[in-house]
Amino acid sequence: MNCMSITSGMQRNPFRSLVCITVQYGAVLVCAYAAHNMTDVSPKPFSEPLSWMLRDVLPFWAKTAQEEQGGFAPDLTLEGRIAPSRLRPSRVQTRSLYVFSSAYILCREKWAFLAAQRVYEFIVSFLRHPDGGWIAAATPEGEVADETRDLFDQAFILFALAW
């Protein structure tokens, strides 16, 4: 099955596992259905992309990509594990806060509230620069990885915190 749209799509990769690709506003989310133990891969979920996101994709992402300190890994392997990376970019964290806060408003599920709360705590605890502003990236443990204070990152922080 091959279909792609601006909201979501599915493709089979060369290893024959089903991959879900979601593209929205310049952000891309890719996950392997095999890692999610999904057996129903019919096109039906795509007739209602919002319910599919709230029912399958976002709970999977919250469970799999959110780490102990509350930050989100920027990507996963095809096996559904966090890909090796020492950076937890502020833009990933702020987009995650916006997405999971929005998900909670839409579905009122506990998983969405907890994901938003934990990433909020990661942002305010580990991404704030002591001299003001917000750093570009932290490590998964919350240590400073890139203390650059970029205007674009500052805008994402303000947007996420205002939401």
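Computed from a prediction, not measured in an experiment: that's the story for all the values here. (Residues numbered from 1 in each chain as written. Predicted model: local features only at pLDDT ≥ 70, side-chain atom pairs only at ≥ 80, totals over all residues. Heavy atoms only, no water.)

(A) The sheet that holds strand β4 (residues 88-89), seen in detail. On the basis of which strands lie adjacent, the open sheet formed by 3 strands has the order β4-β5-β6 and antiparallel pairing. The two strands at the open ends of the sheet, each matched to only one other strand, are β4 and β6 (144-146). Pairing of strand β5 (residues 137-138) with β6 involves 2 bridges; the strand directions are antiparallel. If you follow A137 over to β6, its bridge partner there is D146. (Pairing = 2+ DSSP bridges. Helix = DSSP H or I, 4+ residues; strand = E, 2+ residues; numbered from the N terminus.)

(B) Inspection of the pattern of salt bridges at higher detail. Under the defined criterion, the tally for this structure stands at 4 salt bridges. Residues R88 and E67 are paired through a salt bridge, measuring 2.6 Å at the closest nitrogen-oxygen approach. One end of the pair, R88, is in strand β4; the other, E67, is in the loop between α2 (49-65) and β4, and 21 residues separate them in sequence. Each member of the pair, R88 as well as E67, is classed as buried. (Salt bridge = Lys/Arg side-chain N within 4 Å of Asp/Glu carboxyl O. Buried < 20%, exposed > 50% of the residue type's maximum accessible area, 1.4 Å probe, protein only.)

(C) Fine view of the packing of helix α3 (residues 90-107) against helix α4 (residues 110-126). Contact geometry of α3 with α4 gives a least axis separation of 8 Å together with a crossing angle of 150°. The angle between the axes of α3 and α4 places the two elements in the roughly antiparallel class. Between α3 and α4 lies a crossing whose hand is left-handed. Together, Q93, T94, S96, L97, F100, S101, A103, Y104 and C107 of α3 and W111, A112, F113, A115, A116, V119, Y120, F122 and I123 of α4 make up the contact between the two elements. Counted by class, the contact of α3 with α4 contains 14 nonpolar, 4 polar and no charged residues. (Axes fitted to C-alpha atoms, helices over the stretch in contact; angles between N-to-C directions. Parallel < 35°, antiparallel > 145°, perpendicular 65-115°, else oblique. Left-handed = near helix turned anticlockwise from the far one by under 90°. Contact = heavy atoms within 4.5 Å. Nonpolar A, V, L, I, M, F, W, Y, C, P; charged D, E, K, R; others polar.)

(D) The arrangement of unusual backbone geometry in detail. A positive phi angle is found at R108, which is not glycine, with a value near 55°. Structurally, R108 can be placed in the loop between α3 and α4.

(E) Representation of a nonpolar patch on the surface. Residues Y98, V99, I105, F159 and W163 make up a contiguous nonpolar surface patch of roughly 480 Å² in combined accessible area. Of all the elements, α3 adds the most residues to the nonpolar patch, at 3 residues. Structurally, Y98 is set in helix α3. (Patch = residues over 30% accessible without salt bridge, like charges linked within 9 Å, V, L, I, M, F, W, Y side chains within 5 Å. Areas by Shrake-Rupley, 256 points an atom, 1.4 Å probe, with all protein chains shown as cover.)

(F) Up close: the nonpolar core. Counting residues in hydrophobic clusters, the biggest one holds 27 residues, and the most contacted among them are L58, W61, F72, L97, F100, I123 and L127. Only α2, α3, α4 and α5 (151-162) provide two or more residues apiece to this core. The element contributing the most residues to this core is α2, with 9 residues. (Core = buried A, V, L, I, M, F, W, Y, C linked by side-chain atoms within 4.5 Å.)

(G) Spotlight on the packing of aromatic side chains. Counted by the stated rule, this structure contains 7 aromatic pairs. Pairing Y98 with F159 gives two aromatic rings, centres 5.1 Å apart and planes at 35°, and the pair type is tilted. Placement of Y98 in helix α3 and of F159 in helix α5 is noted, with a sequence separation of 61 residues between them. On the accessibility criterion, Y98 (31% relative accessible area) is partly exposed. Note on F152 and F156: the rings are 4.8 Å apart at their centroids and 70° apart in plane angle, and the pair reads as edge-to-face. With a gap of 4 residues between them, F152 and F156 both fall in helix α5, about one helical turn apart. Among the residues examined, F152 registers a relative accessible area of 45% and is labelled partly exposed. Taken together, the ring pairs connect F72, F100 and W111 into an aromatic cluster. Sitting above the plane of the W134 ring, R128 keeps its charged end 4.9 Å from the centroid. (Phe/Tyr/Trp six-rings, centres within 6.5 Å; stacked < 30°, edge-to-face > 60°. Lys NZ or Arg CZ within 6 Å of the ring centre and 35° of its normal.)

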